[in-house]
Amino acid sequence: RLFQIFENFNVTELNLLKLDTEGHDCEILLDTFNYFFENYKSNKQIPKNILFETNELNSKENIKRVIDLYSTLGYKFKPYREETPDSDGLLYRT
């Protein structure tokens with residue numbers, strides 16, 4: 001599980017988290033949300049940017065759930081590449 005890697009390696013700052021798990025990106029982000037939420041509430045670091053697949057390997061419902069959940073942490077969403085908007089998405093915090 002992704003959050004265990006953060007804990008085991010004591011990750012305290014991360015500029016970019018890039019996922020490419022052939023259709024499991026949203027599942028991983030949904031699974032990791034509570035860890036990021038707890039860190040956010042206690043003013044600990046969470047990734048500044050998250051790049052993940054938004055292609056046909058991920059369901060539209062899961063993509064929407066990820067975007068909606070992560071927006072509660074101050075993330076905004078945009079397609080990573082304008083020429084292929086259904087390929088990858090970027091969650092970013094300003």
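The preceding data block contains the structure.
Residues numbered from 1 in each chain as written. Predicted model: local features only at pLDDT ≥ 70, side-chain atom pairs only at ≥ 80, totals over all residues. Heavy atoms only, no water.

### Quick look at the nonpolar core
For step 1, the next point in the chain: Residues Phe36, Ile50, Phe52, Val66 and Tyr70 are the most contacted members of the largest nonpolar core, which totals 20 residues.
For step 2, the next point in the chain: If you list the elements that add at least two residues to this core, you get helix H1 (2-8), helix H2 (25-41), strand S2 (49-53) and helix H3 (60-71).
For step 3, the next point in the chain: In terms of residue count, the dominant contributor to this core is H2 (6 residues). (Core = buried A, V, L, I, M, F, W, Y, C linked by side-chain atoms within 4.5 Å. Buried < 20%, exposed > 50% of the residue type's maximum accessible area, 1.4 Å probe, protein only. Helix = DSSP H or I, 4+ residues; strand = E, 2+ residues; numbered from the N terminus.)

### As for the pattern of salt bridges
For step 1, the next point in the chain: According to the stated counting rule, one finds 4 salt bridges in the structure shown.
For step 2, the next point in the chain: The salt bridge partner of Lys64 is Asp68, with a shortest N-O separation of 2.7 Å. Of this pair, Lys64 and Asp68 both sit in helix H3, 4 residues apart, roughly one helical turn. (Salt bridge = Lys/Arg side-chain N within 4 Å of Asp/Glu carboxyl O.)

### Structural notes on the packing of aromatic side chains
For step 1, the next point in the chain: Counted according to the given criterion, the structure contains 9 aromatic pairs.
For step 2, the next point in the chain: Consider the rings of Phe6 and Tyr35, whose centres lie 6.0 Å apart with planes at 25 degrees: the pair is stacked. With Phe6 in helix H1 and Tyr35 in helix H2, the pair connects residues that are 29 residues apart, well separated along the chain. In this structure, Phe6 and Tyr35 share a single accessibility class: buried.
For step 3, the next point in the chain: Relative to Phe37, the ring of Phe33 has its centre 5.8 Å away and its plane inclined at 25 degrees; by these criteria the two rings are stacked. Note that Phe33 and Phe37 are positioned in helix H2 at a spacing of 4 residues, about one turn of the helix.
For step 4, the next point in the chain: For Phe37, a relative accessible area of 28% translates into the label partly exposed.
For step 5, the next point in the chain: Taken together, the ring pairs connect Phe3, Phe6, Phe33, Tyr35, Phe36, Phe37, Tyr70 and Tyr75 into an aromatic cluster.
For step 6, the next point in the chain: Above the plane of the ring of Tyr92 lies Lys78, whose end atom (NZ or CZ) is 5.5 Å from the centre. (Phe/Tyr/Trp six-rings, centres within 6.5 Å; stacked < 30°, edge-to-face > 60°. Lys NZ or Arg CZ within 6 Å of the ring centre and 35° of its normal.)

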